[in-house]
Amino acid sequence: DAMVIQNPRYQVTQFGKPVTLSCSQTLNHNVMYWYQQKSSQAPKLLFHYYDKDFNNEADTPDNFQSRRPNTSFCFLDIRSPGLGDAAMYLCATSSPGTGVTSSYEQYFGPGTRLTVT
Amino acid sequence: KQEVTQIPAALSVPEGENLVLNCSFTDSAIYNLQWFRQDPGKGLTSLLLIQSSQREQTSGRLNASLDKSSGRSTLYIAASQPGDSATYLCAVLNAGNMLTFGGGTRLMVKP
């Protein structure tokens with residue numbers, strides 16, 4: 001089945017130690033997103049790629065970076081994780097769809113839960 | 001800036017009841033609206049997508065409606081079951097591929 005895959009599902013890192021989360025997709029969608037979701041809160045968009053075009057949200061901290069080496073993969077790099085960065089990180093994909101009606105339905109991966117010690 | 005509100009924040013019902021979850025948004029210039037389900041500690045599962053030109057979508061016991069002019073959507077769940085217990089999130093897509101989420105409704109269906 002076509003899907004969005006996130007690895008690892010659980011990640012523990014030390015305060016200040018760089019960490020990378022990965023996302024891959026078999027849907028061949030041209031848009032990929034990274035969201036941060038803290039406990040009991042709605043997901044918050046960090047950034048997204050439309051093909052290779054990177055779009056950063058204005059309030060995303062510089063501590064967060066992203067790479068998309070090809071259509072299938074996207075990475076989230078946290079350069080110096082702080083305790084406040086502990087959260088669920090969700091990757092999603094979408095595509096304009098085909099035909100007259102635009103879709104952009106977003107498909108989410110299972111998430112990576114990041115713990116910072 | 002788009003703002004999305006979901007009411008109620010939490011809901012507890014006995015099994016078998018029909019229920020309605022509400023979502024409102026401030027900017028009617030949306031491309032689509034999605035309803036998601038999220039189980040504790042898990043990712044989001046897309047339930048229904050309504051394009052801006054559509055009025056409603058149905059999938060099994062779920063029916064979602066959209067009134068773009070008034071900035072409202074409802075998710076109707078028929079004959080609720082304990083397995084429906086989860087958090088339900090409403091999200092709208094605006095220009096720039098930005099999806100804005102509501103705070104969610106935590107649903108508990110009691111056997």
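Quick caveat: nothing in here was measured; it's all calculated off a predicted structure.

**Q** Summarise the overall build of chain B; cite the residues concerned and give the values.
**A** Regarding its fold elements, chain B presents zero helices and 11 strands. In chain B, the order of α-helices and β-strands from amino to carboxyl end is β-β-β-β-β-β-β-β-β-β-β. Expected size for 111 residues packed as a compact globule is a radius of gyration near 13 Å; at 13 Å, chain B falls within 12% of this value. If you line up chain B on its principal axes, its C-alpha atoms span 40 × 30 × 20 Å. Scored against the burial criterion, the 111 residues of chain B give a buried share of 47%. Within chain B, contacts between residues separated by at least 24 positions form 53% of all contacts whose residues are at least 6 apart in sequence. With an accessible surface of roughly 5,200 Å², chain B has 50% of that area assigned to carbon and sulfur atoms. For chain B, the separation between the mean place of its 9 positive charges and that of its 8 negative charges on side chains is 4 Å.

**Q** Please provide a residue-by-residue account of the interface of chain B and chain A, values included.
**A** Much of the literature gives interface size as the accessible area that the parts lose upon coming together. Between chain B and chain A, the residue contacts involve 20 residues of the former and 22 residues of the latter. Taking both sides of the interface into account, the surface hidden between chain B and chain A amounts to around 1,600 Å²; carbon and sulfur atoms contribute 53%. At the junction of chain B with chain A, the criterion picks out zero salt bridges. The interface formed by chain B and chain A contains four residue pairs in polar contact (both at pLDDT 80 or more). Listed by contribution, the elements that provide at least two residues to the side of chain B that touches chain A are β4 (32-38), β5 (44-51), β9 (86-94) and β10 (98-101) of chain B. By residue class, the composition of the side of chain B that touches chain A is eight nonpolar, 11 polar and one charged.

**Q** Outline the packing of aromatic side chains, supporting the account with residue identities and numerical values.
**A** Residue and element names in this part refer to chain A. Taken as a whole and assessed by the stated rule, the structure comprises 10 aromatic pairs over all chains. Taking the centre distance of 6.1 Å and the plane angle of 40° together, the rings of Phe-64 and Tyr-89 count as tilted. In this pair, Phe-64 sits in strand β7 (residues 64-67) while Tyr-89 sits in strand β9 (residues 87-94), placing the two residues 25 residues apart along the sequence.

**Q** Tell me about the sheet that holds strand β8 (residues 73-78) of chain A, and please be specific about residues and values.
**A** All names here are of chain A. With antiparallel pairing, the four strands of this open sheet are ordered in space as β1-β3-β8-β7. Two strands in the sheet have a free side with no partner beyond their single neighbour: β1 (4-7) and β7. The mean inter-strand angle of the sheet, taken between neighbouring strand axes irrespective of direction, is 20°. Bridge count between strand β3 (residues 19-25) and β8: six bridges; the pairing is antiparallel. Bridge pairing in β8 links Leu-21 to Leu-76.

**Q** Outline the sheet that holds strand β7 (residues 62-67) of chain B, listing residues and values.
**A** All names here are of chain B. Taken together, the five strands give an open sheet; going across it, the order is β1-β3-β8-β7-β6, and neighbouring strands pair in antiparallel fashion. Two strands close off the open sheet at either side, each with one partner strand: β1 (4-7) and β6 (56-59). When the angles between neighbouring strand axes are averaged without regard to direction, this sheet yields 15°. Strand direction decides the pairing type here: β1 and strand β3 (residues 19-25), joined by four bridges, are antiparallel. Across the sheet, the residue bridging to Gln-6 is Cys-23, located in β3.

About the cut-offs
- Residues numbered from 1 in each chain as written.
- Chains lettered and ligands numbered in written order.
- Predicted model: local features only at pLDDT ≥ 70, side-chain atom pairs only at ≥ 80, totals over all residues.
- Heavy atoms only, no water.
- Helix = DSSP H or I, 4+ residues; strand = E, 2+ residues; numbered from the N terminus.
- Rg over C-alpha atoms; globule rule 2.2 N^0.38 Å.
- Buried < 20%, exposed > 50% of the residue type's maximum accessible area, 1.4 Å probe, protein only.
- Contact = heavy atoms within 4.5 Å.
- Areas by Shrake-Rupley, 256 points an atom, 1.4 Å probe, with all protein chains shown as cover.
- Lys, Arg positive; Asp, Glu negative; His and termini not counted.
- Charge placed at Lys NZ, Arg CZ, Asp CG, Glu CD.
- Buried area = accessible area lost by both parts, 1.4 Å probe.
- Salt bridge = Lys/Arg side-chain N within 4 Å of Asp/Glu carboxyl O.
- Polar contact = N/O pair within 3.5 Å; in protein donor to acceptor, adjacent residues only side chain to side chain.
- Nonpolar A, V, L, I, M, F, W, Y, C, P; charged D, E, K, R; others polar.
- Phe/Tyr/Trp six-rings, centres within 6.5 Å; stacked < 30°, edge-to-face > 60°.
- Pairing = 2+ DSSP bridges.
- Axes fitted to C-alpha atoms, helices over the stretch in contact; angles between N-to-C directions.

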